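So you can see what is in the structure, the chains are spelled out below.
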Amino acid sequence: MDNISNRVTISNAADISVIVGYFLVVLSVGVWSMFRTNRGTVGGYFLAGRSMSWWPVGASLFASNIGSGHFVGLAGTGAASGIAVGGFEWNALFTVLLLGWLFVPVYLTAGVITMPQYLKKRFGGTRISLYLSVVSLFLYIFTKISVDMFSGAVFIQQALGWNIYLSVIALLIITAVYTVTGGLAALMYTDTVQTFVIIAGAFALAGFSFAEIGGYGALLAKYSSAVPHNYTSLDPQRYNISSQCYTPRQDAFSLLRDPTTGDLPWPGVLFGISVSGIWYWCSDQVIVQRCLAARSLTHVKAGCILCGYLKLLPMFLMVFPGMISRILFPDEVGCVVPEDCKRICETEVGCSNIAYPKLVVTIMPSGSFLGADRWSGDGSVPNVTGVLVWHRQLHLPLSVPFPAVWDSLPALCHHPILLYISATCKYSSRLYECSDCRVHETNRTQ
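What comes next is a walk through the structure.

Reading guide: rules and limits
Residues numbered from 1 in each chain as written. Predicted model: local features only at pLDDT ≥ 70, side-chain atom pairs only at ≥ 80, totals over all residues. Heavy atoms only, no water. Helix = DSSP H or I, 4+ residues; strand = E, 2+ residues; numbered from the N terminus. Buried < 20%, exposed > 50% of the residue type's maximum accessible area, 1.4 Å probe, protein only. Contact = heavy atoms within 4.5 Å. Areas by Shrake-Rupley, 256 points an atom, 1.4 Å probe, with all protein chains shown as cover. Core = buried A, V, L, I, M, F, W, Y, C linked by side-chain atoms within 4.5 Å. Salt bridge = Lys/Arg side-chain N within 4 Å of Asp/Glu carboxyl O. Arc of directions from axis to C-beta.

### With respect to the overall build of the protein chain
Along its length, the protein chain carries 20 helices and two strands. For the protein chain, buried positions account for 55% of its 446 residues. Considering only residue pairs separated by 6 or more positions, the protein chain has 83% of its internal contacts joining residues 24 or more positions apart. Surface accessibility of the protein chain: about 18800 Å² in total, with carbon and sulfur atoms responsible for 65%.

### Here we look at the nonpolar core
F71, L99, Y107, L219, W281 and Y356 are the most contacted members of the largest nonpolar core, which totals 93 residues. Looking at this core, the element that brings in the most residues is helix α8 (residues 164–213), giving 13 residues. W281 has contacts with L61, N65, A92, T95, V96, L99, I287, C307 and K311, leaving out every residue within four places of it along the chain. Core analysis: the second largest hydrophobic core is formed by six residues, Y239, I241, Y246 and V337 among them.

### Considering the side chain of S129
By the element assignment, S129 lies in helix α7 (residues 127–160). Given the relative accessible area of 0%, S129 is considered buried.

### Re the pattern of salt bridges
All told, the structure shown has nine salt bridges when counted by the stated rule. We note a salt bridge from D191 to R290, for which the minimum N-O separation is 3.2 Å. One end of the pair, D191, is in helix α8; the other, R290, is in helix α11 (residues 285–292), and 99 residues separate them in sequence. Just as D191 is buried, R290 falls in that class too. R257 is paired through a salt bridge with D251; the nearest N and O atoms lie 3.9 Å apart. When sorted by exposure, R257 lands in the same class as D251, which is buried.

### Focus on helix α15 (residues 338–345)
All of the buried residues along α15 are P338, D340, C341, I344 and C345. When α15 is viewed along its axis, its buried side chains cluster within an angular range of 155 degrees and face the same direction. Turning to α15, the residues buried within the fold contact β1 (239–240) and α14 (330–333). Positive backbone phi, at 65 degrees, marks E346, one or two positions downstream of α15.

What follows is the structure in structure tokens.
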């Protein structure tokens, strides 16, 4: 592994041709899908004409959730602290089934296309629906979309050497080309293409990564010794560096960790994640919108099952490769001295964010670079903008099975206070995945 250069960018013709070809394929699928549905109506634009079968629904649910933020975040957190972060992904296996079996039947019976519209039908008035629309836009712009844009820019920065701000602008422009003009149909069909890219490329990278270190047994043996060579403070008057900052955790291979000393205590993994997970998977506009575009409830349930199975993969395809990256590149991925980190990844607090991109540009053979990354073309902006648009419909009485249960459950998940709390938990975890604070300020005494 010593012959791997510290700074690798994509410069050969094979990789560049794959990148260009991939973007052309995605844009072509987006343009093609524009002509398959009637985009002249609200239902045609925001719900793809309610004509989607189960496999694009399931693939789009997965791809809408998994983006470059997950590749960077899960791999980076895996490199920094181990496998516990995979609990976020495995929890969704059960939560997404609640969406298909319990929540979507209520939304379909209500005849709504957005979550604010459901609140308007459920409680009347316009203030609560407008409030949810504004809160949703705020949360997506400043938490999810910003993280995905940054993560995608990190990939481009590591691969092509571009400025990170130029990378963000390029991603936004390319995304807007087909999401704004094509509506939900374009998003779902391109999501389906990208799901195949995600899985095929991530499997390939995981295979090369395990082969590079000698298999899973080598991962277990070598991870605990993946320590950077330089961990001495260059300015002791300003900060010091604790051994906990650069030494791998003893419980790195424990999914359920101690409730008092663990960074992700098991009560939070089992119960806390479930609360925010129900909000995200069962009442988030971007996720629910995919299910409402299905042609029938049967296709909704089948799509949710497919998505649940796909959510088993990130632990093996993202978290483990992130840990391998720390073994292969301890001085880069595991850097702890701010001056070194600034030089390596332009961030002083740590470089675990580059764990996955580093593997992509060093381990993968020429011509297969992009197969291991889903570019961060996040379609959340038009999806969430859709919550501000809905029909004027008659306020008809809702006929829902088991009314005693449903009179409170969907409304509870959309309660503004619970929405804010669960959203904060969800996106705080996402931001935590994409950060690695290693520098401790020295306590000064007067």
